[in-house]
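Letter by letter, the chains look like this.
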Amino acid sequence: MTINISEILANPSVIKEFKVEPEFDVLDLKQGSYPISQKNPFILTVSNAKGKLHIKGDTEIRLMIPCDRCLDEVEHTFPVHVDCRVNSDKESDGIGDVSEADISNSDNDDDYSFVDGCILDVDKLVRDEIVVALPTKVLCSEDCKGLCSVCGTNLNHGSCTCDRSVGDPRMAAIQDIFRDFNA
């Protein structure tokens, strides 16, 4: 979803509220695609004060993320809290420049590419907030048994008869000799 913010950029005293809802149904990333199970419309407040575009809003989005052990999908809720200031000066290149006072250690304008000229891309803004909040590990439960390393059976749903004993890899050459001797 995109919003035309030209009126706000032209008049610093204007504060506008927009009822928005992200239009994407799947969060596509390099490591995978995560379907969205729930997204709610929310109010996004946009104002222009002293050459800074202030964007503020809160919502929640639920994603279906696979468990890191058994690959069952887990519903994970992400609170999305947007509160950012973007340089709105006319002489900028149109890609939301951010001053060092607003975001420390930020020299990359691509981090704030959700503002392009007079257009605010809500989907990019929300997507960026979710990506930052993605957990490093997702488990369906703390005692998840995972998958069988031999046959791939989900051990939470049942067991298998595979021999999952792990031998000492240093003894692999000797075990091969015994197998050849017995054959």
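Quick caveat, the model's predicted, so the values are computed rather than measured.

**Student:** Explanation requested: the overall build of the protein in the structure shown.
**Tutor:** Broken down by element type, the protein carries three helices and nine strands. Taken from N to C terminus, the helices and strands of the protein fall in the order β-α-β-β-β-β-β-β-β-β-α-α. Within the span of the protein, comprising 183 residues, buried residues form 33% of the whole. Restricting to contacts in the protein with at least 6 residues of sequence separation, those with at least 24 account for 54%. Taken as a whole, the protein presents about 11,600 Å² of accessible surface, with 49% of it coming from carbon and sulfur.

**Student:** What is the right way to read the packing of aromatic side chains from this model?
**Tutor:** For any pair of aromatic rings, geometry is given as the distance between the ring centres together with the angle between the planes. Taken as a whole and judged by the stated rule, the model has zero aromatic pairs. The side chain of Arg127 reaches across the aromatic face of Phe24, ending 4.4 Å from its centre.

**Student:** Explanation requested: the sheet that holds strand 8 (residues 115–116) in the structure shown.
**Tutor:** Within a beta sheet, neighbouring strands are joined by backbone hydrogen bonds and run either parallel or antiparallel to one another. Spatially, the three strands line up as an open sheet ordered 1-9-8, and their pairing is antiparallel. Whereas interior strands pair on both sides, the edge strands pair on one side only; in this sheet they are strand 1 (2–4) and strand 8. In terms of strand pairing, strand 8 meets strand 9 (residues 119–121) through two bridges, oriented antiparallel. Residue pairing in the sheet places Asp116 in a bridge with Ile119 of strand 9. Packing against the sheet, helix 2 (residues 122–133) makes contact with strand 1 and strand 9, and its axis sits at approximately 40 degrees to strand 9.

**Student:** Teacher, can you tell me more about the pattern of salt bridges here?
**Tutor:** Side-chain pairing between opposite charges can occur once the charged atoms of the two side chains come close. Using the criterion set out here, one finds two salt bridges in the structure. Note that Lys16 and Glu7 form a salt bridge whose closest N and O atoms lie 3.1 Å from each other. A relative accessible area of 28% places Lys16 in the partly exposed class. Measuring nitrogen to oxygen at the nearest pair gives 2.9 Å for the salt bridge that ties Lys39 to Asp25. One end of the pair, Lys39, is in strand 4 (residues 32–39); the other, Asp25, is in the loop between strand 2 (15–20) and strand 3 (26–29), and 14 residues separate them in sequence.

**Student:** I keep staring at helix 2 and nothing clicks. Help me out?
**Tutor:** For an α-helix, 3.6 residues make a turn, and residues three or four places apart therefore share a direction. For helix 2, spanning twelve residues, the distance from its first C-alpha to its last is 17 Å, which sits close to the expected 16 Å at 1.5 Å a residue. Burial in helix 2 covers these residues: Val122, Asp123, Leu125, Val126 and Ile130. Looking down the long axis of helix 2, one finds its buried residues gathered within 165 degrees of arc, a one-sided arrangement. The N-terminus of helix 2 is capped by Asp121, whose side-chain oxygen sits 3.1 Å from the backbone nitrogen of Asp123.

Reading the values: rules and limits
Residues numbered from 1 in each chain as written. Predicted model: local features only at pLDDT ≥ 70, side-chain atom pairs only at ≥ 80, totals over all residues. Heavy atoms only, no water. Helix = DSSP H or I, 4+ residues; strand = E, 2+ residues; numbered from the N terminus. Buried < 20%, exposed > 50% of the residue type's maximum accessible area, 1.4 Å probe, protein only. Contact = heavy atoms within 4.5 Å. Areas by Shrake-Rupley, 256 points an atom, 1.4 Å probe, with all protein chains shown as cover. Phe/Tyr/Trp six-rings, centres within 6.5 Å; stacked < 30°, edge-to-face > 60°. Lys NZ or Arg CZ within 6 Å of the ring centre and 35° of its normal. Pairing = 2+ DSSP bridges. Axes fitted to C-alpha atoms, helices over the stretch in contact; angles between N-to-C directions. Salt bridge = Lys/Arg side-chain N within 4 Å of Asp/Glu carboxyl O. Expected span 1.5 Å × (residues − 1). Arc of directions from axis to C-beta. Polar contact = N/O pair within 3.5 Å; in protein donor to acceptor, adjacent residues only side chain to side chain.

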